[in-house]
Amino acid sequence: MEKLSEKRTPIRVGFYDIEKTIGKGNFAVVKLARHRLTKTEVAIKIIDKTQLQAADLRRAYREVRVLKKLHHPHIIRLYQVMETKNMLYIVTEYAPQGEIFEHIARHGRLPEPHARRIYWQVVSAVDYCHKRSVVHRDLKAENLLLDAEGSVKLADFGFSTWWTQETSLSTWCGSPPYAAPEVFEGRQYTGPEVDIWVILLIMNDGIEIQNGDVKIMKIKITFPHFFNRVLV
Ligand code: ATP
Ligand code: MG
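Residues numbered from 1 in each chain as written. Chains lettered and ligands numbered in written order. Predicted model: local features only at pLDDT ≥ 70, side-chain atom pairs only at ≥ 80, totals over all residues. Heavy atoms only, no water.

Asker: Hey, could you go over the site of ligand 1 for me, with residue numbers and the actual values?
Answerer: The immediate surroundings of ligand 1 are formed by 20 residues, with Lys45, Glu93, Ala95, Glu99 and Asp156 found nearest. Taking Lys45, its side chain carries an N or O atom lying 2.8 Å from an oxygen atom of ligand 1. Within the backbone of Glu93, one N or O atom sits 2.8 Å away from a nitrogen atom of ligand 1. In this structure, the shell around ligand 1 is formed jointly by two domains, domain 1 (12-93) and domain 2 (98-231), each of which donates at least three residues. (Near = heavy atom within 4 Å. Polar contact = N/O pair within 3.5 Å; in protein donor to acceptor, adjacent residues only side chain to side chain. Domains from an automatic or database assignment.)

Asker: So what's going on with the coordination of the magnesium ion (ligand 2)? Which residues, and what values?
Answerer: The protein atoms donating to the magnesium ion (ligand 2) are Asn143 (OD1) and Asp156 (OD), with metal-donor distances spanning 2.1 to 2.4 Å. You can see Asn143 sitting in the loop between strand 8 (134-135) and strand 9 (144-146) and its partner Asp156 sitting in the loop between strand 10 (152-154) and strand 11 (161-162), a full 13 residues away along the chain. Overall, the relative accessible area of 24% leaves Asp156 in the partly exposed class. (Donors = N, O, S within 2.8 Å, 3.2 Å for Na, K, Ca; no water. Helix = DSSP H or I, 4+ residues; strand = E, 2+ residues; numbered from the N terminus. Buried < 20%, exposed > 50% of the residue type's maximum accessible area, 1.4 Å probe, protein only.)

Asker: I'd like to hear about the side chain of Glu93, residue by residue, with values.
Answerer: With respect to the helices and strands, the residue Glu93 is situated in strand 6 (residues 87-93). Reaching out from Glu93, the side chain makes a polar contact with the backbone nitrogen of Arg77 at a distance of 2.8 Å. Within the structure, Glu93 has its side chain in polar contact with the side chain of Lys153 (distance 2.8 Å). With residues near it in sequence (within four places) discarded, Glu93 still touches Ala43, Ile75, Ile76, Arg77, Tyr79 and Lys153. (Contact = heavy atoms within 4.5 Å.)

Asker: So what's going on with the environment of Asp17? Which residues, and what values?
Answerer: Mapping Asp17 onto the fold places it in strand 2 (residues 16-24). For the pair Asp17 and Lys39, spaced 22 residues apart in sequence, the C-alpha to C-alpha distance is 9.3 Å. A distance of 2.9 Å separates a polar atom in the side chain of Asp17 from a polar atom in the side chain of Arg12.

Asker: Give a detailed account of the UniProt feature "binding site: ATP" (unreviewed entry) in the chain, specifying residues and quantitative values.
Answerer: The UniProt record annotates "binding site: ATP" (unreviewed entry) at Lys45. With sequence-adjacent residues up to four places away left out, Lys45 is seen in contact with Ala28, Val29, Val30, Glu63, Leu88, Tyr89, Ile90 and Asp156. Here Glu63 takes part through its side chain, which lies 3.2 Å from a polar atom of the side chain of Lys45. (UniProt positions renumbered as here; feature names shortened; annotations may be inferred.)

Now the structure itself:
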């Protein structure tokens with residue numbers, strides 16, 4: 001029988017009981033937590049502000065500001081933000097099936113009908129962001145999560161920013177295997193094209209996951225004759 005002294009009281013954040021760690025990023029740890037009353041599962045990104053450089057902290061606040069603006073079925077929904085002197089807690093919808101990256105690493109490439117559905121969901125989420133002046137800048141299979149039904153939830157807006165047609169950006173963002181050429185070369189860019197690069201890379205079989213590593217394949221992108229009309 002379990003002794004009283006051995007019973008672990010759950011760690012609490014606001015109304016949530018922390019259950020386990022589900023992810024670790026460069027700047028944050030992500031925990032699965034459950035609301036004490038409604039029992040709803042959530043993900044809480046916990047950021048120790050004392051460990052961050054000023055620029056990284058600004059990025060964390062920007063992630064919150066961006067998430068507040070985005071309401072889309074294929075984008076992780078922000079529920080609540082809590083802040084103390086040292087800590088920042090970003091409470092979001094939980095995606096129980098985790099990263100598409102893990103899914104592909106474990107089960108291999110997706111069957112085409114499934115891949116087509118996932119792809120459509122990613123395009124619709126990214127298009128929604130671009131139309132609301134947000135560019136994600138860190139699209140990758142690790143930041144595409146799956147909910148209980150296997151639908152996409154775009155996550156991790158830590159590198160996102162606002163873009164306009166008139167201004168250009170130059171910050172080096174994202175992850176080397178997925179970075180667009182203009183980002184790699186330190187050139188200026190408008191914004192959406194660096195997200196679209198990753199989408200084209202995925203669409204053209206440009207990425208392969210082997211032994212947990214992302215490999216970029218040689219790709220040849222061909223555009224259908226009606227592409228111009230689709231873009232307008
Ligand atoms: P990095 O700097 O490595 O990109 P990060 O610190 O910005 O990471 P996130 O990418 O937001 O943090 O989260 C890290 C990982 O935690 C994700 O890749 C994913 O595995 C897990 N995770 C984050 N949010 C959720 C969620 N809502 N549901 C399920 N898992 C999540
Ligand atoms: Mg991430």
